[in-house]
Amino acid sequence: GKKIDSEVASQMHRLGKWQKRVRVSTSRDRRLANILTKISEICQSSSLPKNVIETASIIYRSLDGKHIEVKGKSVVGISAAVVYMACKQCDVIRSLEEILRGSCHANELRPKIKLASRYYRTLVMELPTVTTPVVTMDKYISKIANMTNTETRVEILAIEIAEKTKNHNLAVGKAPNGIAAAYLYLSLIHI
């Protein structure tokens, strides 16, 4: 209940910092703790499921286990790249921009996206066993329907329309998010 003067508060802060450092002794362990914390923060700010967090942690640990050089790299950049790779593996549709939007300021977004995409390309080259599943139109439709809180019957009709028009080459060369939004709009008008 008593107020603490600034000198005691500063001393307590320093003691807490050294307590954390003592618990995690090596620089590699500290970096692992920092990156796993950042991965968790990014996933929570992007509302990603737990399996993405776990997959991202496994990817980073496998990266760290192969002694691939991650020292000196941006914690936010490498974490975002690992989360992006985990999203691809777990069949969750998120762009790097969506992943990074919650973890950095708007004026820092473009450079961080470039850095994270470079790290992602490095990860793909270093971990060749990872395969990325093909994302189908129904995944895009479901993503937009979830973001806009669209009714389930509208989403189902949009997926049916997408299935019927799949072989007509309507979506060739078009952005899949735009086509999915168009399917949802059409199904919303018909219901």
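Residues numbered from 1 in each chain as written. Predicted model: local features only at pLDDT ≥ 70, side-chain atom pairs only at ≥ 80, totals over all residues. Heavy atoms only, no water.

Which parts of the structure should I look at to understand the packing of aromatic side chains?
Aromatic ring pairs are described here by two measures, namely the spacing of the ring centres and the angle between the planes. Under the counting rule described, the total for this entry stands at one aromatic pair. Seen in terms of ring centroids, Tyr84 and Tyr120 are 4.8 Å apart; in terms of plane orientation they differ by 75°. Their pairing is edge-to-face. Residue Tyr84 is located in helix α4 (residues 75-89), and its partner Tyr120 is located in helix α6 (residues 109-126); the two are separated by 36 residues in the primary sequence. Taking the relative accessible area as the measure of exposure, Tyr84 reaches 15% and is therefore buried. (Phe/Tyr/Trp six-rings, centres within 6.5 Å; stacked < 30°, edge-to-face > 60°. Helix = DSSP H or I, 4+ residues; strand = E, 2+ residues; numbered from the N terminus. Buried < 20%, exposed > 50% of the residue type's maximum accessible area, 1.4 Å probe, protein only.)

Explain helix α2 (residues 27-45) to me, please; I cannot follow it from the model alone.
Given 3.6 residues per turn, any residue in an α-helix points the same way as the ones three and four places further on. Between its first and last C-alpha atoms α2 spans 27 Å; for 19 residues at 1.5 Å apiece the expected length is 27 Å, and the two agree. When we look at burial in α2, the residues that qualify are Arg31, Leu32, Ile35, Leu36, Lys38, Ile39, Ile42 and Cys43. Taken around the axis of α2, the buried residues stretch over an arc of 160°, which confines them to a single face. Downstream of α2 by a residue or two, Ser47 has a phi angle that is positive, lying close to 55°. (Expected span 1.5 Å × (residues − 1). Arc of directions from axis to C-beta.)

Would you mind going over the pattern of salt bridges with me for this structure?
Pairs can form between side chains of opposite charge once their charged atoms are near each other. Taken as a whole and judged by the stated rule, the model has six salt bridges. In this structure, Lys139 and Asp91 form a salt bridge, with 3.2 Å as the shortest nitrogen-oxygen distance. Taken as a pair, Lys139 in helix α7 (residues 137-147) and Asp91 in the loop between α4 and α5 (96-101) lie far apart in primary sequence, 48 residues in all. For Arg153, the salt bridge is made with Glu151, and the minimal N-O distance between the two is 2.7 Å. Because the salt bridges share partners, they merge into one network encompassing Glu97, Arg101 and Arg110. (Salt bridge = Lys/Arg side-chain N within 4 Å of Asp/Glu carboxyl O.)

Remember that the coordinates give geometry; whether it matters functionally is a separate question.
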